Amino acid sequence: MDMKKITSVQRYPIEEPEDKLIVAFRMTEKCNHKCHYCGWNDDSVPFMEKKEILFLFSQIKKYSNKARYDFYFTGGEPTLYPKFADFLEEVEEMFDGNC
């Protein structure tokens, strides 16, 4: 897996219960709205492979001891990701529905 695709990891100072982990994951740079004021419209950046994303989430599960997870998928427009609904089901299954 090419880890150079991961551009940054940011930790925001928010209050969160000790048994919950909040993760914001930027799925894509692509957007279908083409708003003139927004810069989220870079069609040149390819989607990450699903196996790479699922690997990252497996590492979150492996190294985190939280009982509950809140995942926020952002972008661009995350629903442009191919088979996004199927992807969400796989993540939910991976975390035993605790997200």
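For the structure itself, consult the block above.
Overview of the structure. (Residues numbered from 1 in each chain as written. Predicted model: local features only at pLDDT ≥ 70, side-chain atom pairs only at ≥ 80, totals over all residues. Heavy atoms only, no water.)

**Observations concerning the overall build of the protein**
Then, in step 1: A tally of regular secondary structure across the protein gives two helices and two strands.
Then, in step 2: Counted from the first residue to the last, the protein has its helices and strands arranged as β-α-β-α.
Then, in step 3: Evaluated residue by residue, the protein yields a buried proportion of 27% over its 99 residues.
Then, in step 4: A fraction of 74% describes how many contacts in the protein between residues 6 or more apart in sequence connect residues 24 or more apart. (Helix = DSSP H or I, 4+ residues; strand = E, 2+ residues; numbered from the N terminus. Buried < 20%, exposed > 50% of the residue type's maximum accessible area, 1.4 Å probe, protein only. Contact = heavy atoms within 4.5 Å.)

**Some thoughts on the environment of Asp96**
Then, in step 1: Looking at the element boundaries, Asp96 is found in the segment after helix H2 (84–94).
Then, in step 2: Exposure remark for Asp96: the relative accessible area of 59% places this residue in the exposed category.
Then, in step 3: Of the polar contacts made by the side chain of Asp96, one reaches the side chain of Lys61; its length is 3.4 Å. (Polar contact = N/O pair within 3.5 Å; in protein donor to acceptor, adjacent residues only side chain to side chain.)

**A look at the packing of helix H1 (residues 50–63) against H2**
Then, in step 1: Relative orientation of the contacting elements H1 and H2 amounts to 25 degrees, with a least axis distance of 11 Å. Between H1 and H2, the angle falls in the class roughly parallel. Viewed along their axes, H1 and H2 form a crossing whose handedness is right-handed. In this structure, H1 contributes Lys50, Ile53, Leu54, Phe57, Ser58 and Lys61 to the contact, and H2 contributes Phe87, Glu90, Val91 and Met94.
Then, in step 2: Of the residues that constitute the contact of H1 with H2, the class distribution is six nonpolar, one polar and three charged. (Axes fitted to C-alpha atoms, helices over the stretch in contact; angles between N-to-C directions. Parallel < 35°, antiparallel > 145°, perpendicular 65-115°, else oblique. Left-handed = near helix turned anticlockwise from the far one by under 90°. Nonpolar A, V, L, I, M, F, W, Y, C, P; charged D, E, K, R; others polar.)

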